[in-house]
Amino acid sequence: MKVALLDDDDSHNALVAALLGPAGYDCTSFTRPERLLAELRRQTFDLLILDWNMPELSGIETLRRVGELLSPSPPVLLLTSRSVEADLVEGLNAGADDYIVKPLQPPVLLARVNALARRAYRPTAVPQVEQHGPYRLDPGAQTVSWGDTVETLTPKEFQLAALLFNNLARPLSREYLLRRVWGQRPDLETRTLDAHVSRLRSKLHLRPANGFRLTTVYGFGYRLEVCEPEADAASGAAE
């Protein structure tokens, strides 16, 4: 999982990264909120860990800006030296999923991050058949079916389809999709991803008539979103 760390103290970021790295978390550190917000426009993170007390923009304000920028936003863990209940409630009401009061205790940090990841992404040991609207994804057979249609996908196509369906309405960057489906392949051209997306649109008929739209987020990546068939059909007729 890809994690963004925000703290104006870079040594603190390094400490958190050192604690989470061995557990399989890929951490990217930021010392300025604006740099993090700019990067969120370019790539996808699975989890954000924000320090409350920042000199330019507080963790709470950063959290609100993230909510305006991304919908839905990734889970957020807030780090704070404040322990007053009213302050903690303010953090949760602003959109934080959890908080940790400093000083950090390594086992607590790792347990909270693991718990957030489990709640947000619900990994399963055995691949399960998934139902998303009319679409049924069968990982064992590598097929996607809807109505009377059954479409067999290649392994990469199925991985990409499952990733998109499990992140409905969430913009996913090209870098994130390439890394999750093809692994660490710096030599891989992004048109490989574009070709797979084009084939999925065609094979799975991802169009408003079936209740889903696979859109390009220009300069960023792709998003699979639910849409209203009736409204879109009427809109298309009007055009």
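Summarised in this report is the structure supplied together with it. Fair warning: this is a prediction, and the values are worked out from it, not measured in the lab.

Procedures and definitions
- Residues numbered from 1 in each chain as written.
- Predicted model: local features only at pLDDT ≥ 70, side-chain atom pairs only at ≥ 80, totals over all residues.
- Heavy atoms only, no water.
- Pairing = 2+ DSSP bridges.
- Helix = DSSP H or I, 4+ residues; strand = E, 2+ residues; numbered from the N terminus.
- Buried < 20%, exposed > 50% of the residue type's maximum accessible area, 1.4 Å probe, protein only.
- Arc of directions from axis to C-beta.
- Contact = heavy atoms within 4.5 Å.
- Axes fitted to C-alpha atoms, helices over the stretch in contact; angles between N-to-C directions.
- Expected span 1.5 Å × (residues − 1).
- Core = buried A, V, L, I, M, F, W, Y, C linked by side-chain atoms within 4.5 Å.

Brief notes about the pairing of strand 9 (residues 149-152)
As paired elements, strand 8 (residues 143-146) and strand 9 share four bridges and run antiparallel to each other. By the bridge assignment for strand 9, Trp146 is matched with Thr149. The turn linking strand 8 back onto strand 9 is made up of two residues, and Gly147 within it adopts a positive phi angle of 60°.

Some thoughts on helix 3 (residues 59-69)
For an α-helix, the turn length of 3.6 residues means that residues three or four places apart are oriented alike. Within the sequence span of helix 3, burial applies to Gly59, Ile60, Thr62, Leu63 and Val66. Mapping the buried residues of helix 3 onto a view down its axis gives an arc of 160°, with all of them on the same face. Looking at the buried positions of helix 3, the neighbouring elements they touch are strand 1 (2-6), helix 2 (33-40), strand 3 (47-51), strand 4 (76-80) and helix 4 (85-93).

Structural notes on the sheet that holds strand 3
Spatial strand order, 2-1-3-4-5: five strands in an open sheet with parallel pairing. The sheet is open, and its two edges are formed by strand 2 (26-30) and strand 5 (98-101), each paired on a single side. Adjacent strand axes in the sheet meet at a mean angle of 20° when their direction is disregarded. Alignment of strand 3 against strand 4, held across four bridges, turns out to be parallel. Residue pairing in the sheet places Asp51 in a bridge with Leu79 of strand 4. Each of strand 4 and strand 5 touches helix 4; the most contacted strand, strand 5, lies at about 145° to it.

Regarding helix 5 (residues 106-121)
For helix 5, with 16 residues, the first-to-last C-alpha span of 22 Å sits near the 22 Å given by 1.5 Å per residue. Those residues of helix 5 that fall on the buried side of the exposure criterion are Leu109, Val113, Ala115, Leu116 and Ala117. The elements touched by buried residues of helix 5 are helix 1 (10-20), strand 3, strand 4 and strand 5.

Considering the nonpolar core
Among the nonpolar cores identified, the biggest contains 27 residues, and Tyr135 and Leu204 are the most heavily contacted of them. Broken down by secondary-structure element, the contributors of at least two residues to this core are strand 7 (135-138), strand 8, helix 6 (155-165), helix 7 (174-182), helix 8 (190-204), strand 11 (212-217) and strand 12 (221-226). For this core, the element with the most residues is helix 6, which contributes seven residues. Residues in contact with Leu204, not counting those within four places in the same chain, are Tyr135, Val144, Trp146, Glu151, Leu153, Ala161, Phe165 and Asn210. In this structure, Leu50, Leu57, Val66 and Ala94 belong to the second largest nonpolar core, which totals 20 residues.

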